[in-house]
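One letter stands for each residue in the lines below.
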Amino acid sequence: MNQRITITKLRRMKEEHQPISMITAYDYPSAKLAEEAGIDVLLVGDSLGNVVLGYDTTVPVTLDDIIYHTKAVRRGAEHTFIVADMPFMTYGIGRESTLKNAARIMQEGGAQAVKLEGGIDMVEDVSALVRAGIPVMGHIGLTPQSVHQLGGYKVQGKLEQEAEQLMKDAKALEEAGAFSIVLELVTEPLARAISAELSIPTIGIGAGRGCDGQVLVYHDILQYSSPYINKRFVKTYADIGSAIRTAIGSYVADVKGGVFPEEKHSFPMASEKLNQLYGGSADQQVPAHTEQREEPKPRDPVSNPN
Ligand code: KIV
């Protein structure tokens, strides 16, 4: 059984130049498979708004959505360090509500840490959370919750002034006690410079090769019906979307063609028994869709032949 990573271990990984792997997960199977594959950190990202709930942005994602999905991730990955996003407007609008909301994510959801977007403007929230014992991951660069303010999903840090600000943001978050920072859609040289400047690990997404770790969205790398699979910074590792579409298409064809179910998928019953029960020919008297069906028992290998 693998041991859950800690924030101390993450920092040590940076010192030892061991790259950190992080991926998003939103439910039991995605978390379980990622844990089995040996991921270091799971992120219950508010990207669930885009890839799971079908919104255009992360803005509509609520605290209850994040808690609901974090609970499922927790059940799927009991041994993995889980970070959960604080959704839009659940922080930065009053210290008390930030603390309460983060506490719900930890207590009800079962996350080990929270992530929030923003730099210098968020340092008071970050230090309050850290003082309260809640590990915080920062997130700067392209911050999707501010997409309307930023005017779209654009690479950040190209201008000198922008780059300077991002460096200041990163240092301020470190000083406030963040244990790690996500750098999203930041130019490679700037991400490398920020990573070299900080003693806490940076986790890049679209930020090139100089970060201490990488994060990608589960649905993107698997081509799992994500709207973002063609992003330049995404590498796809499997085409699950096509596999699922083909498999469901075959199922539909089997049902419509009367090919499924076969005898091996059905449960027999001795005809005398049926006659005893219903006093005649089973074919005439028993409605096939009700009485002939055996009640499946949980985990019964007969009712679950796979
Ligand atoms: O919500 C998310 O998936 C994220 C990653 C893009 C880092 O914040």
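The rules behind each value
Residues numbered from 1 in each chain as written. Predicted model: local features only at pLDDT ≥ 70, side-chain atom pairs only at ≥ 80, totals over all residues. Heavy atoms only, no water. Helix = DSSP H or I, 4+ residues; strand = E, 2+ residues; numbered from the N terminus. Expected span 1.5 Å × (residues − 1). Buried < 20%, exposed > 50% of the residue type's maximum accessible area, 1.4 Å probe, protein only. Pairing = 2+ DSSP bridges. Right-handed = clockwise from strand over helix to strand, strands pointing away. Contact = heavy atoms within 4.5 Å. Polar contact = N/O pair within 3.5 Å; in protein donor to acceptor, adjacent residues only side chain to side chain. Phe/Tyr/Trp six-rings, centres within 6.5 Å; stacked < 30°, edge-to-face > 60°. 1 Å grid on protein atoms, 1.4 Å probe; cavity = no way out; pocket = protein on both sides within 12 Å on 5 of 7 lines; lining within 4 Å. Points joined across faces, edges and corners; volume = space filled by probe spheres on them. Nonpolar A, V, L, I, M, F, W, Y, C, P; charged D, E, K, R; others polar. Salt bridge = Lys/Arg side-chain N within 4 Å of Asp/Glu carboxyl O.

Draft legend 1. Here's a closer look at helix α11 (residues 240-256). End to end, α11 covers 24 Å across 17 residues, agreeing with the expected 24 Å (1.5 Å per residue, within 8%). In the segment just after α11, Gly258 is the residue with positive phi, at about 70°.

Draft legend 2. Broad picture of the pairing of strand β3 (residues 81-85). Extensive coverage of β3 is indicated by the burial of 5 of its 5 residues. Both strand β2 (residues 41-44) and β3 contribute to a ladder of 4 bridges, which runs parallel. Looking at β3, one finds that Leu42 is bridged to Ile82. Traced from β3 through helix α5 (residues 95-109) to strand β4 (residues 113-117), the parallel crossover comes out right-handed.

Draft legend 3. Fine view of the environment of Ser30. By the element assignment, Ser30 lies in helix α2 (residues 28-36). Taking the C-alpha atoms as reference points, Ser30 and Val73, 43 residues apart in sequence, are found 7.6 Å from one another. Not counting the four nearest positions on each side in its chain, Ser30 is found in contact with Ala25 and Tyr218. Within the local environment of Ser30, its side chain forms a polar contact with the side chain of Asp27, the two groups lying 2.5 Å apart.

Draft legend 4. Examining the packing of aromatic side chains more closely. All chains considered together, the criterion is met by 2 aromatic pairs. Between the aromatic rings of Phe81 and Phe179, the centroid separation amounts to 5.9 Å while the plane-to-plane angle is 80°, which identifies the pairing as edge-to-face. Residue Phe81 is located in strand β3, and its partner Phe179 is located in the loop between α8 (160-176) and β6 (180-184); the two are separated by 98 residues in the primary sequence. Both residues of the pair, Phe81 and Phe179, belong to the buried class. Consider the rings of Tyr251 and Phe260, whose centres lie 6.1 Å apart with planes at 65°: the pair is edge-to-face.

Draft legend 5. Local environment of the layout of surface pockets. In this structure, the largest pocket spans a volume of roughly 610 Å³. Secondary structure elements with two or more residues in the lining of the largest pocket: β5 (136-141), α7 (147-150) and α8. By residue number, the principal contributor to the lining of the largest pocket is α8, which donates 7 residues. In terms of residue class, the lining of the largest pocket is built from 10 nonpolar, 14 polar and 6 charged. There is about 470 Å³ of room inside the second largest pocket. In terms of lining, the second largest pocket is formed by 24 residues, of which the most central are Gly206, Ala207, Gly208, Gln214 and Phe233.

Draft legend 6. Molecular detail of unusual backbone geometry. Of the consecutive residues Phe260 and Pro261, the connecting peptide bond is found in the cis state with omega at 0°. Summarising the element assignment, Pro261 is placed in the loop between α11 and α12 (271-278). Even without glycine at this site, Met89 takes up a positive phi of about 65°. Turning to its location among the elements, Met89 is positioned in the loop between β3 and α5. Of the residues examined, Met89 reaches a relative accessible area of 47% and is grouped as partly exposed.

Draft legend 7. Representation of the pattern of salt bridges. Counting across every chain of the model gives 10 salt bridges. A salt bridge links Asp85 to Lys115; the nearest nitrogen and oxygen atoms lie 2.7 Å apart. On the criterion of sequence distance, the pair formed by Asp85 in strand β3 and Lys115 in strand β4 is long-range, its members being 30 residues apart. Two residues, Arg209 and Glu188, come together in a salt bridge whose shortest N-O distance is 2.7 Å. With a gap of 21 residues between them, Arg209 in the loop between β7 (202-205) and β8 (213-216) and Glu188 in helix α9 (residues 188-197) connect regions that are remote in the sequence.

Draft legend 8. Molecular detail of the side chain of Asp85. Judged by relative accessible area, which is 2%, Asp85 ranks as buried. Within the local environment of Asp85, its side chain forms a polar contact with the backbone nitrogen of Asp46, the two atoms lying 2.7 Å apart. Apart from the residues lying within four places of it in its own chain, the contact partners of Asp85 are Leu43, Val44, Gly45, Asp46, Ile66, Ile105 and Lys115.

Draft legend 9. A look at the pairing of β6. Of all the 5 residues making up β6, 5 are buried; the element is thus mostly covered by neighbouring parts of the structure. The pairing of β5 with β6 spans 5 bridges and is classified as parallel. Considered in β6, the bridge of Gly138 is made with Ile181. Both β6 and β7 contribute to a ladder of 4 bridges, which runs parallel. Each residue of the ladder has a partner; that of Ile181, found in β7, is Thr202. What joins β6 to β7 is α9, and the crossover it makes is right-handed.

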